[in-house]
Amino acid sequence: MDSAALATRLLHAIPNRNSSSPFLSTRCRPSRRRLSLSVRCIQIPNPTPGSLLPCSAVAAREAPAADRPRLRLHRLVDEFRSLPQPIDRVKRLLAYGSALRPFPEAARVSSNRVEGCTAQVWVTAALDDLGRMRFAADSDSEITKGFCSCLISVLDGALPEEVLEVRPEDFGDLDVAGMPARAKSRVNTWHNVLISTQKRTEALIAEGEGRPSSRV
Amino acid sequence: MMASLCHCPASPPHHSLSKLLSPLSRPRLHPLLSNVLPIFNPSPNRIRAGDQFRRLSSSSRSVALPPEELDSPSLGDLTRPDFPILHQEVNGFNLVYLDNAATSQKPTAVLKVLNKYYESYNSNVHRAIHSLSAEATDAYEQARNKVAAFINASKHKEIVFTRNATEAINLVAYSWGLSNLRSGDEILLTIAEHHSAIVPWQLVAQKTGASLKFVGLTKEEVPDIEQLKELLSVKTKIVVIHHVSNMLGSVLPIEDIVGWAHSVGAKVLVDACQSVPHMVVDVQKLDPDFLVASSHKMCGPTGMGFLYGKSELLSAMPPFLGGGEMIADVFQDYSTFAEPPSRFEAGTPAIGEAIGLGAAIDYLTGIGMQRIHDYEKELANYLYHSLLSIPNVHIYGPAPSETVHRAALCSFNVENIHPTDIATILDKQHGVAIRSGHHCAQPLHRSLGISASARASLYYYNTKKEIDVFIRALKDTIDFFTSFQ
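Parameters and conventions
Residues numbered from 1 in each chain as written. Chains lettered and ligands numbered in written order. Predicted model: local features only at pLDDT ≥ 70, side-chain atom pairs only at ≥ 80, totals over all residues. Heavy atoms only, no water. Helix = DSSP H or I, 4+ residues; strand = E, 2+ residues; numbered from the N terminus. Buried < 20%, exposed > 50% of the residue type's maximum accessible area, 1.4 Å probe, protein only. Contact = heavy atoms within 4.5 Å. Areas by Shrake-Rupley, 256 points an atom, 1.4 Å probe, with all protein chains shown as cover. pLDDT = per-residue confidence, 0-100. Axes fitted to C-alpha atoms, helices over the stretch in contact; angles between N-to-C directions. Parallel < 35°, antiparallel > 145°, perpendicular 65-115°, else oblique. Left-handed = near helix turned anticlockwise from the far one by under 90°. Nonpolar A, V, L, I, M, F, W, Y, C, P; charged D, E, K, R; others polar. UniProt positions renumbered as here; feature names shortened; annotations may be inferred. Expected span 1.5 Å × (residues − 1). Pairing = 2+ DSSP bridges. Buried area = accessible area lost by both parts, 1.4 Å probe. Salt bridge = Lys/Arg side-chain N within 4 Å of Asp/Glu carboxyl O. Polar contact = N/O pair within 3.5 Å; in protein donor to acceptor, adjacent residues only side chain to side chain. Right-handed = clockwise from strand over helix to strand, strands pointing away.

Caption draft 1: Main features of the overall build of chain B. For chain B, the count of helices and strands is 16 helices and 17 strands. Considering chain B as a whole, with its 485 residues, one finds that 58% of them fall into the buried category. Sequence-distant contacts, at least 24 apart, represent 71% of the contacts inside chain B between residues at least 6 apart. When the accessible surface of chain B is split by element, carbon and sulfur atoms take 52% of a total near 19,100 Å².

This is the structure:
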């Protein structure tokens, strides 16, 4: 079974149909995936390798307020909160992970590693032609992929300054699969991946301004 | 009688310990403890096991077991009541704690001693003449005596209290290593060492020009002793080696290794973090130059570990950290230093934690380390064979046999499922706590061709029933992920 079919199966298995994911149903999907989800994406030429395909909803710098990271995060919190059973939250997380765009093998290099997670995690970041951040991520752990996918669903397409505005504490209300995001543990994927995306965003800003940057 | 066996100042230990004492598990009286532990006065009457358990069960809980069950309680069954933390639900399930190689749980006896210290005689040690300080100093030094007796050190001054085993290794690396290593010297380790036994020596090697040599694994996935012998040479200045592997569960013949190392003039530092809590460790028999262990892995508090060092070596070593209490005299431009162990205990030490470690040693000694070891061997075999019965599970380390003893832990992977995913579902859906990751042994994982593994590690308060729960939960977890593949 390919990951798209898996995602579909998982979504169909979700017990509370009213709680289906706003992200999984509206965010961009690679065209080769045959998800039975409504997709409204357009492709721009020369997408940055490893980045997610941009969506029309975020194609302009003046994005609707609903697409701002904090609002997306609120929706994500609500989405997982609507699933009372931990196992259903795990399934939703796995669905997110399955919906993550395939990560280029060439990008699985140490410079893209997120340190501190119990699983291997890779993250890439790029600025698109519209000045918005494009993130891609992968992990050898399915659950960790789910975490990454959720984070990317919040951060991808945001302006760099919006990415930097997000604080680890903002994820405090997010309880995914009984794994609260607030714990500042060195094995907390939420925290480590968020910090990693922000460091990469800072580095890109610095590069754009011709300043030296220390990419982490 | 039994209560007086575990002496702690102003704090009688947890009395339920007495239920575990048997003629087979009486603590050996160490010369250093002659002023600490009263002489054990066993009943001259032979006690049948059933009688023993009847007496045990009535000591604190007055539970009357039916005759047919009198022989059945395992050491795990008997000791679990002493660990409050084990009797809770996690994520809606009875907790099954199988992460003991990372840290152990603490019995009530230790918790009470800690509480008593802070409630009754908390004070700084070796400084003041007032009564509280004298009492704290006495308890602190008695804890040192207990550690010395526990590993059969001949002198209490051979025990240095540290924050943990990592700090103890750093102490040796920076003090002994910087003073004794030169360019061209070799530090011999195995690929299975914990990061805490590798990194300090890398740092010291960079400063001194010495180099690190690593012993690899055999096809049975144990450190290759033959290769170790071949790598030993006059260039070898120190062998840094674990006693029991925290990932492979294998046990190394330390006594032999020490002999081989000494024959070429090399010192030996033994990382005993996974052996001291689980078996009899006798430094006079094993004869290492240094040995380190950690309190929190042996039912004691965190923030406390110890270094054993032969007194002539410690006496010749310069201080590691400078500060109060490690000096003889301080002048404006120089200082003279105290004798070991004070020389290596700069500043106010972890007093309560040291006393708590002493209480943990009392508790373990009361049970008997040989008894703990025998029970854990039984658990180890049961865990290994139970895990092996699950399809697509690969267990790392040697297969147990008549001659190969494994520690009561198994690191493993399940085909196509990441260990972190397994650990997550075990915890969230079953209340089973195991570890996933590299277990601070990345070089070992790399040599095995993996980046991570899952690890279930047991202690004497675990039971076969808990292993059964874990195995059922693991099967369920595998089914869960397999259904989505």
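Caption draft 2: Quick look at the confidence of the model for chain B. Residues and elements named next belong to chain B. Residues with a pLDDT of 70 or more make up 85% of chain B, whose mean pLDDT is 88. Contacts for the low-pLDDT stretch residues 35–69, under 50 throughout, to residues beyond four places or in other chains number 50 contacts. Per the prediction output, this complex has pTM 0.81; the corresponding ipTM is 0.74.

Caption draft 3: Here's a closer look at unusual backbone geometry. The linkage connecting B:P340 with the following residue, B:P341, adopts the cis geometry, with an omega of 5°. On the secondary structure map, B:P341 appears in the loop between β12 (335–337) and α12 (351–367).

Caption draft 4: View of the packing of helix α5 (residues 142–155) of chain A against helix α7 (residues 189–208) of chain A. All names here are of chain A. Contact pair α5 / α7: the axes reach a minimum separation of 10 Å and the direction vectors enclose 45°. Between α5 and α7, the crossing angle belongs to the class labelled oblique. Two packed elements cross with a definite hand, and for α5 against α7 that hand is right-handed. In contact with T144, F147, C148, C150, L151 and L155 of α5, α7 contributes T189, W190, V193, L194 and T197. Taken together, the residues that form the contact of α5 with α7 break down as eight nonpolar, three polar and no charged.

Caption draft 5: Summary view of the UniProt feature "domain: Aminotransferase class V" (unreviewed entry) in chain B. As annotated by UniProt and renumbered to match this structure, "domain: Aminotransferase class V" (unreviewed entry) occupies residues 96–470 of chain B. The span residues 96–470 of chain B shows a helical share of 41% and a strand share of 17%, and its end C-alpha atoms are spaced 8 Å apart.

Caption draft 6: The arrangement of helix α14 (residues 419–430) of chain B in detail. Residue and element names in this part refer to chain B. Taking 1.5 Å of rise per residue, twelve residues should cover 16 Å, and α14 covers 15 Å from first to last C-alpha, within 8% of that figure. Of all twelve residues making up α14, eleven are buried, and the element is well covered by its neighbours. Positive backbone phi, at 70°, marks G431, one or two positions downstream of α14.

Caption draft 7: How the structure looks around the packing of helix α6 (residues 165–180) of chain B against helix α7 (residues 195–208) of chain B. Residues and elements named next belong to chain B. Where α6 meets α7, the axes come as close as 9 Å, and the angle between the chain directions of the two elements is 20°. Here α7 runs roughly parallel to α6, going by the angle between their axes. α7 is crossed by α6, and the crossing has right-handed handedness. Only S196, A197, P200, W201, L203, V204, K207 and T208 of α7 make contact with α6, whose side of the interface consists of T166, I169, N170, V172, A173, Y174, W176, G177 and L178.

Caption draft 8: Examining the pairing of strand β9 (residues 290–294) of chain B more closely. All names here are of chain B. Extensive coverage of β9 is indicated by the burial of five of its five residues. Burial along β9 is two-sided: F290, V292 and S294 facing one way and L291 and A293 facing the other are all buried. Summarising the sheet, strand β8 (residues 267–271) and β9 pair through three bridges and their orientation is parallel. Bridging across to β9, D271 finds its partner in V292.

Caption draft 9: The arrangement of the interface of chain A and chain B in detail. With 20 residues of chain A in contact, the opposing surface of chain B contributes 16 residues. Overall, the association of chain A and chain B removes approximately 1,500 Å² of surface from exposure, summing both partners, and the carbon and sulfur fraction of that is 64%. Where chain A meets chain B, there are zero salt bridges. For the side of chain A that touches chain B, the elements supplying multiple residues, two or more each, are α1 (3–13), α4 (86–98) and α5 of chain A. When the residues that make up the side of chain A that touches chain B are grouped by side-chain class, the tally is eleven nonpolar, five polar and four charged.

Caption draft 10: Local environment of α7(B). Residue and element names in this part refer to chain B. Given a rise of 1.5 Å per residue, 14 residues ought to cover 20 Å, and the 20 Å separating the end C-alpha atoms of α7 matches this to within 8%. When we look at burial in α7, the residues that qualify are H195, S196, A197, I198, P200, W201, V204, A205 and T208. Looking at the buried side of α7, the elements it contacts are α6, β5 (186–190), β6 (211–215), β7 (236–242), β8 and α15 (442–447). Immediately beyond the C-terminal end of α7, within one or two residues, lies G209, with a positive phi of roughly 90°.

Caption draft 11: Here's a closer look at the environment of B:H130. All names here are of chain B. Mapped onto the elements, H130 comes out in the loop between α4 (108–121) and α5 (131–150). The sequence separation of H130 and T477 amounts to 347 residues, and the corresponding C-alpha distance is 59 Å. A polar side-chain atom of H130 sits 3.2 Å from the main-chain amide nitrogen of S133.

Caption draft 12: Spotlight on the pairing of β8(B). Summarising burial for β8(B): four of the five residues are buried, a large majority. Once you follow β7(B) into helix α9 (residues 254–263) of chain B and on to β8(B), the crossover reads as right-handed.

Caption draft 13: Geometry of the sheet that holds strand β14 (residues 409–414) of chain B. All names here are of chain B. With antiparallel pairing, the four strands of this open sheet are ordered in space as β13-β14-β17-β16. Each having just a single partner strand, β13 (393–395) and β16 (435–437) make up the two edges of the open sheet. Taking each pair of neighbouring strands and ignoring which way they run, the sheet shows an average axis angle of 30°. Relative to strand β17 (residues 453–457), β16 runs antiparallel, the two sharing three bridges. In the sheet register, G437 faces β17, and the bridge partner there is S453. Sitting on the sheet, helix α13 (residues 369–388) touches β13, β14 and β17, and the angle it makes with β14 is about 10°. Relative to the sheet, helix α16 (residues 464–482) contacts β13, β14 and β17, its axis offset from that of β14 by approximately 15°.

Caption draft 14: Representation of the sheet that holds β8(B) in the model. All names here are of chain B. Taking strand neighbours across the sheet as the criterion, the seven strands line up as β4-β10-β9-β8-β7-β5-β6 in an open arrangement whose pairing is mixed. Only two strands of the sheet have a single partner each, and these edge strands are β4 (159–162) and β6. Neighbour to neighbour, the strand axes of the sheet diverge by 20° on average, direction disregarded. α5 contacts β4 and β10 (305–309) of the sheet and is inclined by roughly 115° relative to β4.

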